[in-house]
Amino acid sequence: MPLSVEERELFLAEPHIGALAVDAGEGRAPLTLPIWYQYAPGGELWVMTARDSKKGKLLAAAGRFSLMVDRLEPTVRYVSVEGPVVRTEDATIEQLRELTARYLPADRVEPYVKSAVKEQGVEAVYYLRPERWYSADLGTV
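Fair warning: this is a prediction, and the values are worked out from it, not measured in the lab.

A. Molecular detail of the overall build of the chain. Within the chain, the secondary structure is distributed over four helices and eight strands. Whereas a compact globule of 141 residues would reach a radius of gyration of roughly 14 Å, the chain reaches 15 Å, a difference of no more than 12%. Here the C-alpha coordinates of the chain stretch approximately 45 × 45 × 25 Å along the principal axes. Taken over 141 residues, the chain has a buried fraction of 43%. Considering only residue pairs separated by 6 or more positions, the chain has 70% of its internal contacts joining residues 24 or more positions apart. Roughly 7,900 Å² of accessible area belongs to the chain as shown, and the carbon and sulfur atoms make up 55% of that amount. Distance between charge centroids for the chain: 4 Å, based on 17 positive and 21 negative side chains.

Below, the structure written as structure tokens:
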């Protein structure tokens, strides 16, 4: 069964690992990779990656992407959202910390942030405005 607007937005707001898909160009299947993301119901979804990474270059070229999240328990459920990149900004240390805290235990946030800044350098935040939603809860199949 499809999820209600409220159910799908609340589910997307949970800290799942997303599967980001972006057009990889003519003659290629979409590039699909796991990614951390941030979303609050009713707002824009955002992801962070280096501008000069494969992902960053494809996001800039395509101007849109989709993101799918799912779970297997207590029921099989998924939400997929697709839309345009409405803006791209240099990532801040505060955004990196926010995103990291969403996925890692509190005692691992600062070590991860320090390592990410050192290893990855300046990253960008790509904001998606949700246009199309697909969702379902398949129960306990």
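B. Molecular detail of the pairing of strand β6 (residues 76-90). Where strand β5 (residues 64-71) and β6 come together, eight bridges link them in antiparallel fashion. Residue pairing for β6: Arg71 is matched across the bridge by Arg77. Where β5 folds back onto β6 in an antiparallel hairpin, the turn is made up of four residues. Summarising the sheet, β6 and strand β7 (residues 124-128) pair through five bridges and their orientation is antiparallel. Looking across to β7, one finds that Glu89 is bridged to Val125.

C. Structural view of unusual backbone geometry. A cis geometry characterises the amide bond from Glu73 onward to Pro74, with omega recorded as 5 degrees. Among the structural elements, Pro74 can be located in the loop between β5 and β6.

Criteria and cut-off values
Residues numbered from 1 in each chain as written. Predicted model: local features only at pLDDT ≥ 70, side-chain atom pairs only at ≥ 80, totals over all residues. Heavy atoms only, no water. Helix = DSSP H or I, 4+ residues; strand = E, 2+ residues; numbered from the N terminus. Rg over C-alpha atoms; globule rule 2.2 N^0.38 Å. Buried < 20%, exposed > 50% of the residue type's maximum accessible area, 1.4 Å probe, protein only. Contact = heavy atoms within 4.5 Å. Areas by Shrake-Rupley, 256 points an atom, 1.4 Å probe, with all protein chains shown as cover. Lys, Arg positive; Asp, Glu negative; His and termini not counted. Charge placed at Lys NZ, Arg CZ, Asp CG, Glu CD. Pairing = 2+ DSSP bridges.

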